[in-house]
Structures are given as C-alpha cells and as structure tokens.
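Close look at the chain arrangement
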Amino acid sequence: MIQQVVYDEDDIERFLEVTKQIEAQDEESQTLRKILNVQNKISILANIEPSDLKAILFNLKFIKYKRKDIIIEEGDVSQEIFFILSGECQVFVKKRDVGTLNSGMTFGESAAIFKSKRNATVACLSNEATLLSFSINHDNMEFCANALANIYKNLALQINNKLEEMNSKMTTKK
Amino acid sequence: MDTDTIKDDVCRFDDALFGETFDIIDDNFEFMDNLAFYESKRNHFLAFKFLNSMMQNFTNIDNKFASETLRKLHRDINNLHKLYKYYKDSLKNVDEMFEKKFLPNIEVFKEIKEEMQYLKDKNHMDADDRDYMRILKRHEKELKKIYFSYFEDDYKEQLKDITGSLQNILNTKIYYFDSMLWSDAMKSDIIWRSMKRLKLDKSINSQKYIEYKIGVVLPYTDDYEYLQRCLRIYR
C-alpha cells in the first residue's frame, strides 16, 4: 500500500493560492467559450482562429445596463469593444442623437484598434441591455499575425458598410 | 450453504483487501473538501504523462526549480497513480484474485482442502475414500461456482468505485500540479531562458507549450496524437 504524503501549513497556503488563480482563469475561460459561440455575429471577430481569439482577447465581461446608463463617453480614453447581446443603445455625438444600435451590433472598436479617444457617447436606450465587453491584447498580436490582418479587414468592411449606409440615407433625402 | 454466509465472507474479504484504500480515498476527499479545492470538469488526468515529462525536463534543466509543495504534490500524484493502475489492472485478474487470494481464506474451502489432503496422505485409499474424494471435489466445484458469482459482481463493483474515486482525486490534483509546475518553472531563470530561446513568453502554460510542441513533432505519430488530445483539455 502507498505511503500518504503529509502537507504542512506552507503547502496549504500554496494550494489556496492556486485555487484563487484557477478560479480566476476559469471564470475568464468560461466567458471566452461563450464568446466563441457568438464569434461570427461580432463582425470584427469573424474568421479569426479560436486559438488566436483566445490569445488576443482579454477582460471579457457580461454587463447589464439600465435605461440612460452611459456605457462610453465621447472623448474618454478606454479600449473595450462592446457587443450588444440584448436591448438597444443610443449614440450621441456632441450631445446630438445620431442613431440607435440594436442587439447583434458592435461599437467601440475604433478606439480599441487605433487606441484613440472615444468619438461618440453611447447610452442604454431600452429598459435593460446586456452587453459583452472585451479588450484586445495588443502584446499578443505579434504572435497572431493572421488575426491582426483579419481584424483590420473586418474593421475596413464595417467602416465601408457604415459609409454606404450613410450615402444611401443622403441619396434618399435628396 | 446459505447466501448470507457467502455474502459475509465476501464482505470480510472486501474489508481486508480494500479497507486501507478506502481510507486513503476518504482522507484525500476530506483534504480537498476542507481546502475547497477547485473541481475541474476537464480531463486533466489525460495530461498526467505530459506533465510528468515536463517535470522531468524542468528538473534536468534546473534541479532546484521545484518548490517543496510541488515536489510533495508530484510524489503524492505518482503514489495515487500507482494505486489507480494497480486496481485498474486488477479488473483483468478477477479469476486469479478469486483463486489465489479469496478462496484460501474461506473457512469452508479450508476444511475441504484439509479433508482432501488427509485422504491423499493415506498410504492406501480404499473404495470409500475414493468415493468421498469424488464427493469432496464435486462439492468444492459447486461451491466455487456459487461463491464466484457473488465474488465477481462485488469485486468488480468495488474496483469500479475505487478507480473512479482515485481518478477524480487525481484529476483535481493534476490540475493543481499543472498550475504549480509552470508557476515554479517560470521563477527559474535558467528554465525561463530556455523557454525564451523557443520564442515562448512568460505567460507560458501547458496549452501554449503543447501548441508549440505540436508544431515541432512529427505529425500523426503517437506523440503528436497524444499532444492533440491533451490540447483539447485546455481549449
């Protein structure tokens, strides 16, 4: 029969430390698994290898907002990207209402990618909205060249779509 | 022979054979419960071979890298794994266990054996002795059959219980070992420099190392397949 290993107080302290680390990691990886489920709905993350996605995304959070809650403010320096899981948000530029964002839409990506200031304020419009927020780990980008290329490509497509939408609105007005 | 006696015999054998192992299992669960160990649903047990070889590799690079707790945990896991393997293999030797370990301890079989030996020791067996020997042999055969049916079910059930419990304990302890191994390794300058040479950074863990390793081992070899399976644990 085997001889059982006896752990002392120092060992126990170390185990408790590891438990804390593991719990923190697992919470993040569970959120990451959830993001993989909706990956292709988040346009700027489309076609990125899941392993790359895990390397470049961090600080994943599901956040609930109530009506009139400010999610991001124009001029602020923050770099999270937001994906609307449910509810509606309103966009203001220089305090002027410029549009509405619905579930399935992404915002905040420009500031995150170009590390610039927020160019609009976004507030919760519906009684409640659930958003997924995440940040991009630029340090890991050098190991994920394809992911970086895809993000820029997706972003260019998104900007192009917005321009086309604006053009079509302007044409309709005329 | 009534079934209660047979069941009692099997029970006594279980206590003698498995009692100490069940104590070890209970102690381990109690220890992990008291410290609120995190119970992972992923199959870290599978990564045992990989982690064992990493422990060996790191020790070869820097034999002082491992903390006292990591060394103890490594010893603990290896001991438990040997126990697990012993019981896993025992599932293949039910007949042998019955014949060699169980039967010699059962009173009624001891008596039959003694009587057979008494007859064999006689210089000359008469017709009555030979008849009696035949009866004893038949009786022994029938009893063995009855005993075996009780023994086999119970023995397999106990082994399943033991191997299942040991696997759960090992899974949790291996998960902790995994985390502690990389944490200790990255505190060693020599190991860290060797990782850096492989273009791996300080955020290295099993998943990242396996990803690197998969890129350098020959595809479709046993090692490659094993690493692929391990990688799925972490993703």
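Residues numbered from 1 in each chain as written. Chains lettered and ligands numbered in written order. Predicted model: local features only at pLDDT ≥ 70, side-chain atom pairs only at ≥ 80, totals over all residues.

Regarding its fold elements, chain B presents 9 helices and 0 strands. Ordered by position in the sequence, the α and β elements of chain B form the string α-α-α-α-α-α-α-α-α. For chain B, with 235 residues in total, the buried portion stands at 23%. Here the contacts in chain B between residues at least 6 apart in sequence split such that 75% fall between residues at least 24 apart. (Helix = DSSP H or I, 4+ residues; strand = E, 2+ residues; numbered from the N terminus. Buried ≥ 20, exposed ≤ 12 C-beta atoms within 10 Å, placed from the backbone. Contact = placed C-beta atoms within 7 Å.)

This part is about the overall build of chain A. Helix and strand counts for chain A stand at 4 helices and 8 strands. The buried share of chain A, taken over its 174 residues, is 22%. A separation of at least 24 residues holds for 78% of the contacts in chain A among residues at least 6 apart in sequence.

Counting residues at the interface gives 19 residues for chain B and 18 residues for chain A. When its residues are assigned to classes, the side of chain B that touches chain A shows 9 nonpolar, 3 polar and 7 charged. (Nonpolar A, V, L, I, M, F, W, Y, C, P; charged D, E, K, R; others polar.)

Residues and elements named next belong to chain A. Across the sheet, 4 strands lie side by side as β2-β7-β4-β5; this open sheet has antiparallel pairing. Bordering the open sheet on either side are β2 (70-72) and β5 (96-101), each of which pairs with just one other strand. With direction set aside, neighbouring strand axes in the sheet form an average angle of 30°. Across 5 bridges, strand β4 (residues 89-93) lies against β5 in antiparallel orientation. Considered in β5, the bridge of Q90 is made with T100. (Pairing = 2+ DSSP bridges. Axes fitted to C-alpha atoms, helices over the stretch in contact; angles between N-to-C directions.)

Scored by pLDDT, chain A comes out at a mean of 84, with 93% of its residues at no less than 70. Mean pLDDT in chain A bottoms out at helix α2 (residues 50-56) of chain A, which sits at 72, and peaks at strand β7 (residues 121-124) of chain A, which reaches 96. (pLDDT = per-residue confidence, 0-100.)

Further remarks concern the environment of R229 of chain B. Inspection of the secondary structure assignment puts R229 of chain B in helix α9 (residues 222-234). On the basis of neighbour count, R229 of chain B is assigned to the partly exposed category, with 14 C-beta atoms found within 10 Å.

Attention now moves to the pairing of β7 of chain A. Residues and elements named next belong to chain A. Going residue by residue along β7, you find V122 and C124 tucked away on one face and T121 and A123 left uncovered on the opposite face. Note that β2 and β7 share 2 bridges and pair antiparallel. In the sheet register, I72 faces β7, and the bridge partner there is V122.

Strand pairs in the sheet, formed through backbone hydrogen bonds, run parallel or antiparallel to each other. Residue and element names in this part refer to chain A. Pairing in this open sheet of 4 strands is antiparallel, and the strands run β1-β8-β3-β6 from one edge to the other. Unpaired on one side and paired on the other, β1 (57-66) and β6 (106-107) mark the two borders of the sheet. When strand β3 (residues 81-86) meets β6, the two strands line up antiparallel, connected through 2 bridges. Directly across from F83, in β6, lies its bridge partner T106.

Attention shifts here to the environment of L80 of chain B. Residue and element names in this part refer to chain B. For L80, the location among the structural elements is in helix α3 (residues 68-90). A tally of 22 C-beta atoms within 10 Å means that L80 is categorised as buried. Taking C-alpha positions, L80 is 10.0 Å from K173, a pair spaced 93 residues apart along the chain. Leaving out residues up to four positions away in the same chain, L80 has contacts with L166, I169 and L170.

With that settled, consider the packing of helix α2 (residues 48-61) of chain B against helix α6 (residues 127-185) of chain B. Packed helix pairs are characterised by how far apart their axes lie and by the angle those axes make with each other. Residue and element names in this part refer to chain B. It is at 11 Å that the axes of α2 and α6 come closest, and there the two elements cross at 25°. Judged on the interaxial angle alone, α6 and α2 are roughly parallel. Our pair here, α2 against α6, has a crossing hand that is left-handed. Touching F48, L51, M54, M55 and F58 of α2 are I174, F177, D178, L181 and A185, all from α6. Its residues assigned to classes, the contact of α2 with α6 shows 9 nonpolar, no polar and 1 charged. (Parallel < 35°, antiparallel > 145°, perpendicular 65-115°, else oblique. Left-handed = near helix turned anticlockwise from the far one by under 90°.)

Turning to the nonpolar core, a few remarks are in order. Grouped together as the largest cluster of nonpolar side chains are 35 residues, with contacts concentrated most on L51, L166, L170, I174, F177 and L181 of chain B. Every element with two or more residues in this core is listed here: α1 (9-38) of chain A together with α2, α3, α6 and α7 (189-197) of chain B. Those residues in contact with L170 of chain B, other than ones at most four positions away along the chain, are F45, I77, L80, H81 and Y84 of chain B. Among the nonpolar cores identified, the runner-up in size contains 27 residues, and I48, Y65, F83 and A129 of chain A belong to it. (Core = buried A, V, L, I, M, F, W, Y, C linked by C-beta atoms within 7 Å.)

What follows concerns the environment of I12 of chain A. On the secondary structure map, I12 of chain A appears in helix α1. Discounting residues that sit within four places of it in the chain, I12 of chain A has contacts with Y7 of chain A together with L35 of chain B.

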